[in-house]
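Commentary on secondary and tertiary structure
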Amino acid sequence: MVESTNKRVSIIMVLLDGLGDYSNQTETGRQTTLQQANMPTLDALINSKQSYFGVHDPVQSGLACGSDTAHMSLFGYDPLKIYDGRGMLESMGSGLVTKVGDIAFKSNFAFMNTETRILERRRVDREFPEWGIPLCAAITGLRVPGYPDHIVECQYATEHRCAIKVSGPRLSSLITGNDPLKDNLPIVRCEATDPEDPDSVFTAELIEKLSDTLTSVLLEHPINQQRKKQGFPYTNMITLRGAGRRIEATSFKDKHQLKPFMIAPTAIIRGVGLTFGMELLDDVEGMTGYYNSNLQGKCL
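Conventions we followed
- Residues numbered from 1 in each chain as written.
- Predicted model: local features only at pLDDT ≥ 70, side-chain atom pairs only at ≥ 80, totals over all residues.
- Heavy atoms only, no water.
- Helix = DSSP H or I, 4+ residues; strand = E, 2+ residues; numbered from the N terminus.
- Buried < 20%, exposed > 50% of the residue type's maximum accessible area, 1.4 Å probe, protein only.
- Contact = heavy atoms within 4.5 Å.
- Phe/Tyr/Trp six-rings, centres within 6.5 Å; stacked < 30°, edge-to-face > 60°.
- Salt bridge = Lys/Arg side-chain N within 4 Å of Asp/Glu carboxyl O.
- Patch = residues over 30% accessible without salt bridge, like charges linked within 9 Å, V, L, I, M, F, W, Y side chains within 5 Å.
- Areas by Shrake-Rupley, 256 points an atom, 1.4 Å probe, with all protein chains shown as cover.
- Pairing = 2+ DSSP bridges.
- Right-handed = clockwise from strand over helix to strand, strands pointing away.
- Core = buried A, V, L, I, M, F, W, Y, C linked by side-chain atoms within 4.5 Å.
- Polar contact = N/O pair within 3.5 Å; in protein donor to acceptor, adjacent residues only side chain to side chain.

Along the chain, serine 91 falls in helix α5 (residues 86-94). Owing to a relative accessible area of 0%, serine 91 belongs among the buried residues under this scheme. Contacts of serine 91, omitting those with residues within four sequence positions, involve Leu96, Ala104, Phe105, Ala163 and Ile164.

As a further point, take the packing of aromatic side chains. Tallying each qualifying case throughout the model produces seven aromatic pairs. With 4.5 Å between their ring centres and 25° between their planes, phenylalanine 109 and phenylalanine 128 make a pair best called stacked. Taken together, the residues span a long stretch of sequence, with phenylalanine 109 in strand β5 (residues 103-113) and phenylalanine 128 in helix α6 (residues 128-131) at a distance of 19 residues. You can call phenylalanine 109 buried: its relative accessible area is 0%. With 5.6 Å between their ring centres and 70° between their planes, tyrosine 147 and phenylalanine 202 make a pair best called edge-to-face. With a gap of 55 residues between them, tyrosine 147 in the loop between α7 (134-139) and β7 (151-156) and phenylalanine 202 in helix α8 (residues 198-220) connect regions that are remote in the sequence.

A full pass over the atoms with the stated rule returns 13 salt bridges. For glutamate 90, the salt bridge is made with arginine 86, and the minimal N-O distance between the two is 3.0 Å. In this pair, glutamate 90 and arginine 86 both sit in helix α5, four residues apart, roughly one turn of the helix. By relative accessible area, arginine 86 is classed as partly exposed at 26%. Salt-bridge contacts for arginine 189 lead to glutamate 208; the nearest nitrogen and oxygen are separated by 3.1 Å. Placement of arginine 189 in the loop between β9 (185-186) and α8 and of glutamate 208 in helix α8 is noted, with a sequence separation of 19 residues between them. Looking at arginine 189, the relative accessible area reads 52%, which means it is exposed. With a relative accessible area of 15%, glutamate 208 lands in the buried category.

Bringing a nonpolar patch on the surface into the picture now. A cluster of nonpolar side chains, Ile12, Val14, Leu16 and Leu19, forms an exposed patch at the surface whose accessible area comes to about 400 Å². The class for leucine 16 is exposed, based on a relative accessible area of 52%.

Its location among the elements puts alanine 110 in strand β5. Residues alanine 110 and arginine 121, spaced eleven residues apart in sequence, show a C-alpha to C-alpha distance of 5.7 Å. Ignoring anything within four residues of it in the chain, the contact list for alanine 110 reads Leu119, Arg121, Arg122, Val124, Tyr234, Thr235, Asn236, Met237 and Thr239.

Next up on the list: the pairing of strand β12 (residues 258-262). Only one face of β12 is covered, namely the face carrying Leu258, Pro260 and Met262; the face carrying Lys259 and Phe261 is uncovered. By the bridge criterion, two bridges tie β12 to strand β13 (residues 279-280) in an arrangement that is parallel. Bridge assignment links methionine 262 to a residue of β13, and that residue is leucine 280. Taking the sense of rotation as the criterion, the β-α-β connection linking β12, helix α11 (residues 267-275) and β13 turns out right-handed.

The next point concerns the nonpolar core. Counting 33 residues, the largest nonpolar core has Phe105, Phe109, Ile139, Ile164, Ile207, Leu210 and Ile238 as its most contacted members. Put simply, the parts of the chain that give this core at least two residues each are β5, α6, α7, β7, β8 (161-167) and α8. Aside from chain neighbours lying at most four places away, what touches leucine 210 is Leu142, Val144, Val152, Val166 and Leu240.

This brings us to the environment of glutamine 31. Tracing the chain through its elements places glutamine 31 in strand β4 (residues 29-31). In this structure the C-alpha to C-alpha distance between glutamine 31 and aspartate 21, which are ten residues apart in sequence, comes to 10.0 Å. Those residues in contact with glutamine 31 that lie beyond four places of it in its chain are Tyr22, Ser23, Asn24, Thr26 and Gln36. Of note is the side chain of glutamine 31, whose polar atom sits 3.3 Å from the side chain of threonine 26.

This is the structure:
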């Protein structure tokens, strides 16, 4: 929702992210979810004499963009010019307080074979919140050995997911992560994507050390030691991917002369809103971002 700062004009933008979905085989052939659904309200809006209906490429034709870049473009910002990684947006949306110069990652609590360094489970346990949330506190405040000016913060997100932020000098987002993106693959070495950039090289070396340090902390934590003894899933690694820096951008209000607020349950979209100075409304009970989300509550 946005409201003009000059003349009272209210605009509601409803984004049904991922609504198109894939087609499935039905009795009448392959159909998408929308083709199968009974949607009288949406049909009425589409068929209204005051409506416009068509196809829109959020960023540019032929570019398959993610939720973050698509939302940026829909809000009037060019992601091809300002986008700097998903990790920072996820971290801000999950509740981490960030500042210009920080880098952050989208992360999972995971399990690797410490002898082979094979990532056996990228998602350590779907029941992670019941036993693993205290591990975030054990990581927050951590300092990487050999890097006394850098400090780590961990924010729990949902299920096995968390956000990792690193603060300190000379940090660059021009690095790869350690996540192979699939189970049963070797851990990826963090490297500079621009070997000619000294800050990129410095950050890659720091994150490699951080990855090993996180594993040491997790292995020594009483929760993991107890679960290992009991034969339960335990975590000994945090994957680090989507390195990103805090984006410096004109606020939505200053750019469009509109006062915005956002209702969004998912961290990535909340992070986009916060990046552009949008007020987040969090008091909708049952707002999850999944199929069971309280859509009626969001509208009211």
